[in-house]
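A structural walkthrough
One-letter residues, chain by chain:
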Amino acid sequence: MSLPHKNKEYGTKVYWDKRYEQETEDASFDWFKTYADVANDIRKFIPSRAARILMLGCGNSKFSEDMWEDGYKNIVNVDYSPVVIEKMRNRHKDLRPEMTWEVKDIRTLDGLDTSSFDVAIDKGTMDAMMTSSTDVWDPPEQVIKDCTAEVSQVIRVLKRNGIFIYITFGQPHFRRRYLTGPHVTRNTSLEINQLGESFHYYMYTLRML
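What counts and how
Residues numbered from 1 in each chain as written. Predicted model: local features only at pLDDT ≥ 70, side-chain atom pairs only at ≥ 80, totals over all residues. Heavy atoms only, no water. UniProt positions renumbered as here; feature names shortened; annotations may be inferred. Helix = DSSP H or I, 4+ residues; strand = E, 2+ residues; numbered from the N terminus. Rg over C-alpha atoms; globule rule 2.2 N^0.38 Å. Buried < 20%, exposed > 50% of the residue type's maximum accessible area, 1.4 Å probe, protein only. Contact = heavy atoms within 4.5 Å. Areas by Shrake-Rupley, 256 points an atom, 1.4 Å probe, with all protein chains shown as cover. Lys, Arg positive; Asp, Glu negative; His and termini not counted. Charge placed at Lys NZ, Arg CZ, Asp CG, Glu CD. Core = buried A, V, L, I, M, F, W, Y, C linked by side-chain atoms within 4.5 Å. Pairing = 2+ DSSP bridges. Axes fitted to C-alpha atoms, helices over the stretch in contact; angles between N-to-C directions. Disulfide = S-S within 2.5 Å. Polar contact = N/O pair within 3.5 Å; in protein donor to acceptor, adjacent residues only side chain to side chain. Right-handed = clockwise from strand over helix to strand, strands pointing away.

As recorded by an unreviewed UniProt entry, the protein chain carries the name S-adenosyl-L-methionine-dependent methyltransferase and is attributed to Suillus placidus. UniProt, in the comment section headed Sequence similarities (unreviewed entry), describes the protein chain in these words: "Belongs to the methyltransferase superfamily."

See below:
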């Protein structure tokens, strides 16, 4: 795995394309938590295995694969790196044909219909867009713009009663601003759950009402 020289490179497409090009075809990496770590929570929030799920910034994580093995077959995986999408499509096309892999920027989600998903999941993708700044109290305008654009698009593509699940190490006083505010144009409810016992992670669940 090729680590960036500076953390802010995590927020660039150039870094990810180069990293995925250098990695082997079967390489995988999961940020923060594996599916096994949060499976009980996922099953609680997504009781129907028939739910249509959007995986935001899928990378080469095994999260979708593990969800598929747990019965969630209808998963659309998106990432802005065409390199990783091609690799993941080839890896899963025969074993898990129900899953699809598409090149998309989560800030626009071009081509995805309004009110077409039951669930959207972000595990660390929004966090990558925040790496251009070390000031979590006063992030630059571009970080705010990128993160609120993602949330706005997620809200657009979710059905009524749909949910956005965001898994991060970011504490509520740093992350709540991106999940509430004028860019949230629908009635929603926000639930925050703490994960882990020593180093804490958080699962934010934004439900469309």
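Let us keep going from here.
It is worth spelling out the overall build of the protein chain at this point. In terms of regular secondary structure, the protein chain is built from 7 helices and 7 strands. Across the protein chain, helices and strands are ordered from the amino to the carboxyl terminus as α-α-β-α-β-α-β-β-α-α-β-α-β-β. For the protein chain, whose C-alpha radius of gyration is 16 Å, the value lies close to the compact-globule estimate of 17 Å for 209 residues. A total of 209 residues make up the protein chain; the buried ones form 50% of that total. Sequence separation of at least 24 residues holds for 69% of the intrachain contacts in the protein chain that already meet a minimum separation of 6. Surface exposure of the protein chain reaches about 10,300 Å², of which carbon and sulfur atoms provide 49%. Computing the positive centroid from 29 side-chain charges and the negative centroid from 31, the protein chain places the two 3 Å apart.

The subject of this paragraph is the nonpolar core. The nonpolar side chains of soluble globular proteins are, as a tendency, buried together. Of all hydrophobic cores here, the largest spans 30 residues; its most connected members are I42, I46, I53, F63, M67, I121 and I165. Every element with two or more residues in this core is listed here: helix 2 (35–45), strand 1 (53–56), helix 3 (63–69), helix 4 (82–92), strand 4 (117–123), strand 5 (158–168) and strand 7 (201–208). Here the element with the most residues in this core is helix 2; it accounts for 5 residues. Contacts of I121, omitting those with residues within four sequence positions, involve I46, I53, L54, M55, L56, F63, M67 and I165. Among the nonpolar cores identified, the runner-up in size contains 29 residues, and L54, I106, M126 and I155 belong to it.

Okay, the sheet that holds strand 2 (residues 75–79) next. Reading across the sheet, the 7 strands line up as 3-2-1-4-5-7-6 and stay open at both edges, with mixed pairing between neighbours. Only two strands of the sheet have a single partner each, and these edge strands are strand 3 (100–103) and strand 6 (188–195). Between one strand axis and the next, the sheet turns by 20° as a mean value, whatever way the strands run. Summarising the sheet, strand 1 and strand 2 pair through 4 bridges and their orientation is parallel. When the sheet's bridge partners are listed, I53 is paired in strand 2 with I75. Against the sheet, helix 2 contacts strand 5, strand 6 and strand 7, and its axis sits at roughly 10° relative to strand 7. Along the sheet, helix 4 contacts strand 2 and strand 3; its crossing angle with strand 3, the most-contacted strand, is approximately 165°.

Once that is clear, we can look at the state of the cysteines. Taken as a whole, this structure holds 0 disulfides when the rule is applied. Left unpaired, C58 is separated from the closest cysteine sulfur, that of C147, by 18 Å. Here C58 falls in the buried class, since its relative accessible area comes to 8%.

Let us look at helix 2. Along helix 2, the residues classified as buried are Y35, V38, A39, D41, I42 and F45. Check the buried side of helix 2 and you find it contacts helix 3, strand 5, strand 6 and strand 7.

Attention now moves to the environment of R107. Considering the arrangement of structural elements, one finds R107 in the loop between strand 3 and strand 4. C-alpha separation for the pair R107 and A149, spaced 42 residues apart in sequence, amounts to 5.0 Å. Dropping the residues within four chain positions of it, R107 is found in contact with Y80, M129, D146, A149, E150 and Q153. At 2.7 Å, the side chain of R107 and the side chain of D105 are in polar contact. Side-chain polar atoms of R107 contact the side chain of D146, separated by 3.4 Å.

Both faces of strand 1 are covered, namely the face carrying I53 and M55 and the face carrying L54 and L56. Regarding the hand of the β-α-β motif, the stretch spanning strand 1, helix 3 and strand 2 is right-handed. With 4 bridges joining them, strand 1 and strand 4 adopt parallel strand pairing. When the bridges of strand 4 are listed, L54 appears paired with A120.

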